[in-house]
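Architecture and fold: a report
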Amino acid sequence: MTPPSRLSFARTDPRVPAPLVSTAAGTLLLADLLRVWLPSIITIFGQAASTPAELMGAFALLWFLVPFAVVPFTARWGAGRHAAKVALAGGAGLAAARFALLFVHGGQAQLYVASIGLLAGLSWLAATAVRGGPAAVGVPVGLAAAALQHAALRTVDLTWQSRWWAAPLVAAECLVFIWYQRRTAPGRTSAAAWFLVGPAMLLAGMFALSPAIATVALSYRFDPVATTPPPAVPELLLGLAVVGFLAGATGPLRGRFERVAAALTIVAAAVVFGLSHGPGGLFVALLLGCGALGWAFRAAAADTPPEPDPGRGARSGYAALAGMLVFAVAAVAYYAAYDLGYPNQWVPVAVALAPAWILLRSGTGAPATGVRWRAGLTAVAVCLLVPLLGATTTPPVERVDTAGADRGLRLVAYNIRMGFGLDGTFRPAATARAIAASDPDVVVLSEVDRAWVLNGGHDDLRALATRLGMRYWFAPAADAVWGDAVLTNLPVAAAETVRLSAVGAPTGAQALGVVVRFGGREIAVVSTHIQPPPDAEPLVQVGEIAAFATRFGGDRPTFIAGDLNIEPGDAAMRAFADAGYADGFAAFRPVRTFPADKPVKEIDHVLVRGLTCAEVSVGTAVTSDHAPIVTTLR
């Protein structure tokens, strides 16, 4: 009789399939690590676009190319004990880096811990693909777990959570991963399923399983200006998307018709997302993309050989790394467009062709995975309930205007650089404290990112608004989830946005107008972030902003605030003055705000019509590359 110490529950109990758990847990850890690595590339190595794009891209791609050497090294041992050690070593490196990032925050240390963790994670992925494993089910479960956890955390990754339970939770995830990774046995392998990991991870982060996209989609409410969504509804939408994704990945795929329909659906979702610049599109992309992406994994499962085939191992390993290379190249190509100025709508469509190809390459059907109905109901309950942990339980409410006529309106204007500080850390709590210290009535934010995969899939605006207890109004600039915002609990009478002409500038710009009631009168607030054309003054955008502010403000007192990227004495500043908008800081110059640690430039402004700035101060926070400005308007 086998001694109890030698028993392996994972091997003897079919209810706990070790390869499935280890693949899912490894996918979860890899997805979470990428949420730290990607913004580290931009903010630390790239220094927010000051490093040449070619050098930054080469550095990023290097970490995806090196693991290709693991494949022949592992394949030489086939499914033997040494190959298992390669997979375990890679998994241990991934887990160690993921845990270390809870304590290593900022600077080169954060960048290289994340990079080494990525290298280890990709090595684990390649070695696991060579040995064989249930990628067609394990990867979808891991992606679903990553989405649910991200929703429960309100899109603020565990790395940036200053809570006592963050370390125990990550430690538990890592231990489960390593425990089951040690107990995995060689299995059947599908090159198509392993190739799908990278494209699926990108599409899931962009729209198909993004908690931030669910929030943004519902905050638009089919209006050009997004506002605070109703409590718990975005979380339920995300839960339904995950249910649809897992249903597609584990349910039956009956034949050619369903494959074609699913292929067309995933491509259509990518087209809608790529063309979306406001209300409606994000909602449609999320609903279309989740189930179709799951079907692609089910189609890949249909191509898995009935028995393990060691000869297919190297092919699967190369396929897994090729898919992740698609992830890297497509992510760089999509988001670099906002610095380099080329069209990027084709990128998600091109990536969606990968799952579409897998769906169309074979006409055979695939039976359901045999999930028992009780397990299915439990999974549905988990998918719907876990995101609710991140629901806002005390939504902000409109404040009654009780301010006297002699009390000035307190304003904070802040370019938050997508929420990342000078050291490359994402600290929404610190940013919120820096804003709240001034007890503002109105907050104007520039460079607000609400879902970019490149920045970790965070919803900066929701993270700040929740911590400040304020309602928000958001308008898209670069795309539907990157733009400018106004936060206030004052009564709001109107809101409107207008897109500005690019005139050669690669990043889009807009002007957002919000009318607030304060001190018994209405005041028009205009939030904008000017994007100057190369080697020229932004006179076209200045004229459009001034014209919009004049029309929108009417006879109300009006101010324009934000990162205007112009300095006192520039022709653009004189053009604002000629249009009736005076420099509110003129009596307080210099008012330097950039860079935040040692400000030398005066590029953040408040321009006034019918108002004056009674006092001005510059904050000392370094939770962005700009310093916040505080002023009182009378």
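Residues numbered from 1 in each chain as written. Predicted model: local features only at pLDDT ≥ 70, side-chain atom pairs only at ≥ 80, totals over all residues. Heavy atoms only, no water.

**What to know about the overall build of the chain**
- When helices and strands are tallied, the chain shows 21 helices and 13 strands.
- Over its C-alpha atoms the chain spans a radius of gyration of 26 Å, differing by no more than 12% from the 26 Å that the globule rule assigns to 634 residues.
- Dimensions of the chain, computed from C-alpha atoms along their principal axes, come out at roughly 85 × 45 × 45 Å.
- Counting all 634 residues of the chain, 58% fall into the buried class.
- Considering only contacts in the chain between residues 6 or more positions apart, those separated by 24 or more positions represent 78%.
- Accessible area of the chain: about 23600 Å², with a carbon and sulfur share of 64%.
- Looking at charge distribution, the chain has the averaged site of its 46 positive side-chain charges lying 15 Å from that of its 40 negative ones. (Helix = DSSP H or I, 4+ residues; strand = E, 2+ residues; numbered from the N terminus. Rg over C-alpha atoms; globule rule 2.2 N^0.38 Å. Buried < 20%, exposed > 50% of the residue type's maximum accessible area, 1.4 Å probe, protein only. Contact = heavy atoms within 4.5 Å. Areas by Shrake-Rupley, 256 points an atom, 1.4 Å probe, with all protein chains shown as cover. Lys, Arg positive; Asp, Glu negative; His and termini not counted. Charge placed at Lys NZ, Arg CZ, Asp CG, Glu CD.)

**Observations regarding the sheet that holds strand β2 (residues 409-415)**
- Spatially, seven strands are ordered β1-β4-β5-β3-β2-β13-β12 in an open sheet, and the strand pairing comes out mixed. Each edge of the sheet is formed by a strand with only one pairing partner; in this case those strands are β1 (226-227) and β12 (613-618).
- Summarising the sheet, strand β4 (residues 471-479) and strand β5 (residues 482-488) pair through seven bridges and their orientation is antiparallel. If you follow W473 over to β5, its bridge partner there is V486.
- Where helix α19 (residues 460-468) meets the sheet, it contacts β3 (442-449), β4 and β5, and its direction lies at approximately 150° from that of β3. (Pairing = 2+ DSSP bridges. Axes fitted to C-alpha atoms, helices over the stretch in contact; angles between N-to-C directions.)

**Focus on the packing of aromatic side chains**
- Summed over the entire model, instances satisfying the criterion amount to 18 aromatic pairs.
- Between W37 and F64 the ring centres are 5.6 Å apart and the planes differ by 65°, which places this aromatic pair in the edge-to-face class. Within this pair, whereas W37 is found in helix α2 (residues 18-45), its partner F64 is found in helix α3 (residues 53-65), the two being separated by 27 residues in sequence.
- In this structure F64 comes out as buried when scored by relative accessible area, which is 2%.
- Taken together, a centroid distance of 5.3 Å and an interplanar angle of 45° make the contact between F420 and F426 tilted.
- Owing to a relative accessible area of 2%, F426 belongs among the buried residues under this scheme.
- Among the aromatic residues, those joined into a cluster by ring pairs are F207, F273, Y334, Y335, Y338, W452 and W482.
- When the ring centre of W179 is taken as reference, the NZ or CZ atom of R183 above it lies at 3.5 Å. (Phe/Tyr/Trp six-rings, centres within 6.5 Å; stacked < 30°, edge-to-face > 60°. Lys NZ or Arg CZ within 6 Å of the ring centre and 35° of its normal.)

**Re helix α18 (residues 428-436)**
- Among the residues of α18, P428, A430, T431, A432 and I435 are the ones counted as buried.
- Those residues of α18 that are buried lie in contact with β2, β3 and α19.

**Considerations on the side chain of T528**
- If you trace the backbone, T528 turns up in strand β8 (residues 521-528).
- If near-sequence neighbours (up to four positions away) are discounted, T528 is found in contact with S446, D484, L500, Q510, A511, I545, I560, A561, G562, D563 and L564.

**Examining the sheet that holds strand β10 (residues 582-583)**
- Here six strands make up an open sheet; going across it, the order is β6-β7-β8-β9-β11-β10 and the pairing mixed. Each edge of the open sheet carries a strand with a single partner, namely β6 (492-499) and β10.
- Relative to strand β7 (residues 510-518), β6 runs antiparallel, the two being bridged by seven bridges. Bridge assignment links V498 to a residue of β7, and that residue is A511.

**Some remarks on a nonpolar patch on the surface**
- Residues L236, L385 and L388 make up a contiguous nonpolar surface patch of about 250 Å² in total accessible area.
- Tracing the backbone through its elements, the reader meets L388 in the loop between α17 (373-385) and β2. (Patch = residues over 30% accessible without salt bridge, like charges linked within 9 Å, V, L, I, M, F, W, Y side chains within 5 Å. Salt bridge = Lys/Arg side-chain N within 4 Å of Asp/Glu carboxyl O.)

**Description of the side chain of R298**
- Of note, R298 is situated in helix α14 (residues 281-302).
- Salt bridges are absent for the buried R298, whose nearest opposite-charge side chain, E258, sits at 9.3 Å.
- Only 3.0 Å separates the side chain of R298 from the backbone oxygen of G251, close enough to count as a polar contact. (Polar contact = N/O pair within 3.5 Å; in protein donor to acceptor, adjacent residues only side chain to side chain.)

**What to know about the nonpolar core**
- In this structure, W37, M324, L445 and L487 are the most contacted members of the largest nonpolar core, which totals 148 residues.
- Setting aside residues no more than four positions away along its own chain, M324 makes contact with L30, L34, F64, L122, L125, V197, G198 and M201. (Core = buried A, V, L, I, M, F, W, Y, C linked by side-chain atoms within 4.5 Å.)

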